[in-house]
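# Results of the structural survey
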Amino acid sequence: MSRMPLPYNPKVLELFRNPKNLGKMEDATVVAVAGNPACGDMITFYLKISDQEVIEKASFESYGCAANIATASIVTEMIKEMKLEDAWKITWKSVAEAVGGLPSIKFHCGILAVGALKRAIRAYCKNKRLSPGWLPEELSFEEKQALEEEELSRILSKRMRTEE
Ligand code: FES
């Protein structure tokens, strides 16, 4: 039985085939991961942040799908030269819009990309012992979703191991 291809728009496909800022960053100020290696949907975000709290460079590595790669790629472009405070305001919805829309079953892929970005920003502030007013103590929607997905994957892989 053949599977129906997902209705990705041309922009997503182009970013998937030619992602920007793909790869490890050796001189990153902060690195953050979201997802679970056991199921393959994993993304790593690298940020180089100046003392003025401006994102000088951003890159990513992804083991996710086309939607994950496309959204991560566009996020790294959107946040370049942005103040951390402004990068924090980016939501998965604005990212999904920036790639021209995502099929609904692929929303989580964009959420994971933004979750990794927000984790990186939170980790930077924690490492520097900063608690700026714009950074809420409560996790953002994207961070919570990433946690939920990681927990689900953990439960699933545990169940699979016990059934083997
Ligand atoms: S990252 Fe899991 S299906 Fe896209």
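Our structure's up above, just so we're on the same page.
Let me begin by describing the structure that accompanies this report. Keep in mind the model is a prediction, meaning the values are calculated, not measured.

Each value, and the rule that gives it
- Residues numbered from 1 in each chain as written.
- Predicted model: local features only at pLDDT ≥ 70, side-chain atom pairs only at ≥ 80, totals over all residues.
- Helix = DSSP H or I, 4+ residues; strand = E, 2+ residues; numbered from the N terminus.
- Contact = placed C-beta atoms within 7 Å.
- Core = buried A, V, L, I, M, F, W, Y, C linked by C-beta atoms within 7 Å.
- Buried ≥ 20, exposed ≤ 12 C-beta atoms within 10 Å, placed from the backbone.

### Points about the environment of Pro19
Looking at the element boundaries, Pro19 is found in the loop between α1 (10-17) and β1 (30-35). On a C-alpha basis, the gap between Pro19 and Ala70 in space is 6.6 Å, while along the polypeptide they are 51 residues apart. In contact with Pro19, not counting residues within four places along its chain, are Ile69 and Ser73.

### Notes on the nonpolar core
Of all hydrophobic cores here, the largest spans 42 residues; its most connected members are Ala113 and Leu117. Counting residues per element, the ones that place at least two in this core are α1, β1, β2 (42-49), β3 (55-62), α2 (66-78), α3 (84-88), α4 (92-98) and α5 (107-127). Top contributing element to this core by residue count: α5, with ten residues. Residues contacting Leu117, with those up to four places away along its chain left out, are Phe45, Val75, Ile79, Ala87 and Ile90.

### Remarks on the environment of Asp86
By the element assignment, Asp86 lies in helix α3. Look at Asp86 and you get partly exposed, because 15 C-beta atoms sit within 10 Å. Sequence separation between Asp86 and Ser73 is 13 residues; the distance between their C-alpha atoms is 18 Å.

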